[in-house]
Every structure is written in C-alpha cells, then in structure tokens.
Amino acid sequence: MIAPDRVLERELLALLDAQCDGLVYLAGVDEVGRGALAGPASVGIALVSVTTTDEFPVGLRDSKLMSPLARMKAVAGVCEWVDAAAVGHAGPEAVNEWGVIGALRIAAANALAQLEGYKIGGVLLDGVHDWWTTDGLPLGPQLPPYPVRTEVKGDARCAVVAAASVLAKVARDELMIELAKDYPGYDWERNKGYSSARHIEGLTTLGVSAQHRTSWKLPGIEQGLT
C-alpha cells in the first residue's frame, strides 16, 4: 500500500516561497462523487504552507483505502494539521447543466469562498486531468488561475491531497445519508448515490428524484421505464 508523504508538497512550497512575498499556501485538491448517479459533486481543498508540520495524522491515506469509521476519526486530526480546509458541493442541477467537470469547478469555487484571506500560490490536484484550468471554456465558473500541478494517485502519495480527499468524502457521505431520509427507497445511506443493485431497483420502481443526474443515462430508468 502506498503511504502518503510530503516530499512533493515541500518541493512545491519551496518554489512558491521563493517566488512570493509573505506566507503563501499550497492547495491540495481532490474530488468526490464524480461517477455517482445522484447527489452532489464535491471538492475538498486543504491548505498547507512552509510552516506546516511534517507530522500529519497517523493512518492518513487516500480516502478510498480507509474504512468509513477511520475516515470519520481522521477528520479532527486533519483539520488540526492543515492550515485551513473547506469542502464545496455542486448539486445535480449543476451536473445536468454544465456536466461533471463544470460541476467540479462550481464545487471548487464554493470551497474557495470559505477560504477567503488565504494567499494561495498553487494547486496540487489529484489525477491526470487538469479540470481546474478552464482556458475560457464555458464549463462552469472560471477559477483563479493558480499554477496547477496534477499528480497521478495524488490522494495516495501526497498528504495534503489525502487530507482533502478524506474531508470531501466524509462531508459528501454525511450529506447523502441525510438526503436518504428525504428520498427513501434508493439506499443512499449505503451506496451514497453510486450505482448499486438497490439504487437501480429504486430507480426502476420510483423513477428519478430531484437529486438524480437526469442528463445521464440512468440504468433503472432505461431498463424499467423506457
């Protein structure tokens, strides 16, 4: 199992510190909910600086490699370790209008709005695709033009991205558990809006809800109602 470290973060922070006046932050960014059938697309942003200690929480990993209980227990330690953090959401209406990439940008903008006052110098983004940089394309909001470094398996390799991953996953899971109370029958408390047999059964029986991504080809609807 890959364990995260701070090697790349420290390299990027050293470059930012040399280029900028005053304390500057590196934003570790990860997304959750990209492939779900229902619920929001969510983005976690965690900020670190040259003053952030290397002693990040024990057991911090890519959120997908942690149990639900371990993720929940990690939140307090993550929030204590990073300089600041926020999670933003973009609902299914954003996915329907802008596609999932546009929705991720909206979610990121909502997270950034909670981090006003922090001088961000760069973004360390999980994955291979830079969805942060819009290049003027009409796919949701234009995010600040910070330099972006993409890192494959960044949520597994880089502690700050793992931190963003955990915060985003826990926040979105909690939101889906609450939504399950208002929209029973889809088993969101277990599948968190992703495809599962129970979710597809609910779609077939109940049809779509206001939380479903109706611009997508939803499996239960195709099989049961068309």
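Digging into the overall build of the protein
Argument step 1. For the protein, the count of helices and strands is eight helices and five strands.
Argument step 2. With respect to the principal axes defined by its C-alpha atoms, the protein has extents near 60 × 40 × 30 Å.
Argument step 3. Counting the 226 residues in the protein, one finds 51% classified as buried.
Argument step 4. Surface summary for the protein: the accessible area is close to 10,400 Å², and the carbon and sulfur share equals 56%.
Argument step 5. Here the protein contributes 20 positive and 28 negative side-chain charges, whose respective centroids are spaced 5 Å apart.

Section: the side chain of K192
Argument step 1. By secondary structure assignment, the location of K192 is in the loop between α6 (188-191) and α7 (197-206).
Argument step 2. Buried and unpaired, K192 has no salt bridge, with D173 as the nearest side chain of opposite charge at 4.9 Å.
Argument step 3. A polar contact is formed between the side chain of K192 and the backbone oxygen of E189, at a distance of 2.8 Å.
Argument step 4. Setting aside chain neighbours within four positions, we find K192 in contact with A38, R172, D173, M176, I177 and D187.

With respect to the pattern of salt bridges
Argument step 1. The final tally for this structure, using the stated rule, is 12 salt bridges.
Argument step 2. Residue R6 pairs with E9 through a salt bridge whose shortest N-O separation is 2.8 Å.
Argument step 3. In this structure, R34 engages E31 in a salt bridge whose closest nitrogen and oxygen atoms are separated by 3.2 Å.
Argument step 4. The network of salt bridges with shared partners includes R6, E9, R10 and D54.

Focus on the nonpolar core
Argument step 1. With 27 residues, the main nonpolar core has A27, V29, V43, I45, L47, W131 and W132 as its most contacted residues.
Argument step 2. Where this core is concerned, the elements lending two or more residues are β1 (25-32), β2 (41-48), β3 (84-90), α3 (92-113) and β4 (120-126).
Argument step 3. Excluding its chain neighbours within four sequence positions, the residues that come into contact with A27 are I45, A46, L47, I120, G122, V123 and L124.
Argument step 4. Membership of the second largest hydrophobic core comes to 26 residues, among which are L16, V24, V78 and V161.

Overview of the sheet that holds β4
Argument step 1. Taken in spatial order, the five strands of this open sheet run β3-β2-β1-β4-β5, and their pairing is mixed. Pairing within the sheet leaves two strands with one partner each, and these edge strands are β3 and β5 (148-151). Each neighbouring strand pair of the sheet contributes to a mean axis angle of 20 degrees, computed without reference to strand direction.
Argument step 2. Alignment of β1 against β4, held across five bridges, turns out to be parallel. Counterpart to G28 in the pairing with β4 is L124.

Considerations on unusual backbone geometry
Argument step 1. The phi torsion at K153 lies on the positive side, around 55 degrees, for a residue other than glycine.
Argument step 2. Mapped onto the elements of the fold, K153 is located in the loop between β5 and α4 (154-157).
Argument step 3. Since its relative accessible area comes to 46%, K153 is described here as partly exposed.

The rules we used
Residues numbered from 1 in each chain as written. Predicted model: local features only at pLDDT ≥ 70, side-chain atom pairs only at ≥ 80, totals over all residues. Heavy atoms only, no water. Helix = DSSP H or I, 4+ residues; strand = E, 2+ residues; numbered from the N terminus. Buried < 20%, exposed > 50% of the residue type's maximum accessible area, 1.4 Å probe, protein only. Areas by Shrake-Rupley, 256 points an atom, 1.4 Å probe, with all protein chains shown as cover. Lys, Arg positive; Asp, Glu negative; His and termini not counted. Charge placed at Lys NZ, Arg CZ, Asp CG, Glu CD. Salt bridge = Lys/Arg side-chain N within 4 Å of Asp/Glu carboxyl O. Polar contact = N/O pair within 3.5 Å; in protein donor to acceptor, adjacent residues only side chain to side chain. Contact = heavy atoms within 4.5 Å. Core = buried A, V, L, I, M, F, W, Y, C linked by side-chain atoms within 4.5 Å. Pairing = 2+ DSSP bridges. Axes fitted to C-alpha atoms, helices over the stretch in contact; angles between N-to-C directions.

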